[in-house]
Amino acid sequence: MFLQALTLRSVIGVRPWERSFAQRLELDLSLSVDTRNAAARDAIDAAVDYAALSERLTQRAADADCQLIETLAERLAMAVLEDTRIESVELTLRKPGAVPAARSVGVRIIRSQSEVP
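Our subject in this report is the structure included herewith. Each chain has its residues counted from 1, following the order in which its sequence is written. With the structure being a predicted model, the display of local features is reserved for residues of pLDDT at least 70 and the display and counting of side-chain atom pairs for 80 or more, all residues being used for whole-chain, interface and lining totals. Hydrogens and waters are ignored; side-chain quantities use all the structure's heavy atoms.

**Topic: the pairing of strand β2 (residues 23-33)**
Thinking step 1. Burial here depends on accessible area, computed with a 1.4 Å probe over protein chains only, as a share of the maximum for the residue type. Under 20% is buried, over 50% is exposed, and the range in between is partly exposed. Under the DSSP-based scheme used, a helix requires at least four consecutive residues in state H or I and a strand at least two consecutive residues in state E, with every element numbered from the N terminus. Most of β2 is tucked away: eight of the eleven residues are buried.
Thinking step 2. At least two DSSP bridges between two strands are needed for those strands to be called paired. Looking at chain direction, strand β1 (residues 2-12) and β2 are connected through seven bridges and run antiparallel. Pairing of L8 across the sheet is with L25, part of β2.
Thinking step 3. When β2 meets strand β4 (residues 86-96), the two strands line up antiparallel, connected through eight bridges. By the bridge assignment, L27 is partnered in β4 with L93.

If you want it as C-alpha cells, here you go:
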C-alpha cells in the first residue's frame, strides 16, 4: 500500500524566520500490510483506511513544532505504526524550496512494529 505526495503544513526549521509560519512539506509512504483479509471481506473496516491515515498525519504535522525534519519524520512514522496492521513503513518527507538550487530536500526512513515503544 502506498501514498504519494501528501501535502502537509508544519512549523519546522532551525532559523527564526523558518519558525514564523507553517511550511509546506510533502510526504510519501510505502506500507507493508497484509491485505488479504480486506480483499476477502471487501470491507473498509478490514483495511487500512488511507483517508483516515492521511487526516491523522496531516493533523500530527500541523500540531508539531520541530526544528529538524528528522524529528518530524520519526513522529509521523510512529503515528503510522499506531495501526498494528501496518507491519512497517518507508516514509519520505520532503521540504520543497529549502535549498534554492534544489527542488527539494528531505529524509527517508524505514520503521517497523518491532521498533514501537
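**A short note on the packing of helix α2 (residues 50-63) against helix α3 (residues 69-80)**
Thinking step 1. Here, axes are lines fitted to C-alpha atoms. For helices the fit covers the stretch in contact, and angles between N-to-C directions go from 0 to 180 degrees. Running from amino to carboxyl end, α2 crosses α3 at an angle of 145 degrees, the nearest separation of the two axes being 10 Å. Helix-helix and strand crossings are classified by hand; for α2 and α3 the assignment is right-handed. The segment α2 lies against α3, with L53, R56, L57, R60 and A61 engaging L72, L76, A79 and V80.
Thinking step 2. Note on residue classes: Ala, Val, Leu, Ile, Met, Phe, Trp, Tyr, Cys and Pro are nonpolar, Asp, Glu, Lys and Arg are charged, and everything else, Gly too, is polar. Looking at side-chain class alone, the contact of α2 with α3 contains seven nonpolar, no polar and two charged residues. Throughout, a crossing is termed right-handed when the near helix is turned clockwise from the far one, and left-handed when it is turned anticlockwise from it by less than a right angle. Between two residues, a contact is recorded if the distance between any of their heavy atoms is within 4.5 Å.

**Observations regarding the pattern of salt bridges**
Thinking step 1. Salt bridge, as used here, is a side-chain nitrogen of Lys or Arg placed within 4 Å of a carboxyl oxygen of Asp or Glu. Using the criterion set out here, one finds 13 salt bridges in the structure.
Thinking step 2. Of the charged contacts in the structure, one is a salt bridge between E26 and R94, with a shortest N-O distance of 3.3 Å. Here E26, found in strand β2, pairs with R94, found in strand β4; they are 68 residues apart in sequence, far enough to count as distant. Neither residue differs from the other here; E26 and R94 are each classed as buried.
Thinking step 3. Residue R85 pairs with D83 through a salt bridge whose shortest N-O separation is 2.8 Å.
Thinking step 4. By relative accessible area, R85 is classed as partly exposed at 35%.

**Topic: the side chain of D28**
Thinking step 1. Along the chain, D28 turns up in strand β2.
Thinking step 2. Whenever a nitrogen or oxygen atom comes within 3.5 Å of another N or O atom, the pair is scored as a polar contact, on the condition that within protein one atom can donate a hydrogen and the other can accept it, and that pairs from neighbouring residues in sequence are kept only if both atoms are in side chains. One polar contact links the side chain of D28 to the main-chain amide nitrogen of A5, over a distance of 2.6 Å.
Thinking step 3. In this structure the side chain of D28 is engaged in a polar contact, spanning 2.7 Å, whose partner is the side chain of R94.
Thinking step 4. Each residue touching D28, except ones within four places of it in the same chain, is listed here: L3, Q4, A5, E90, L91, T92 and R94.

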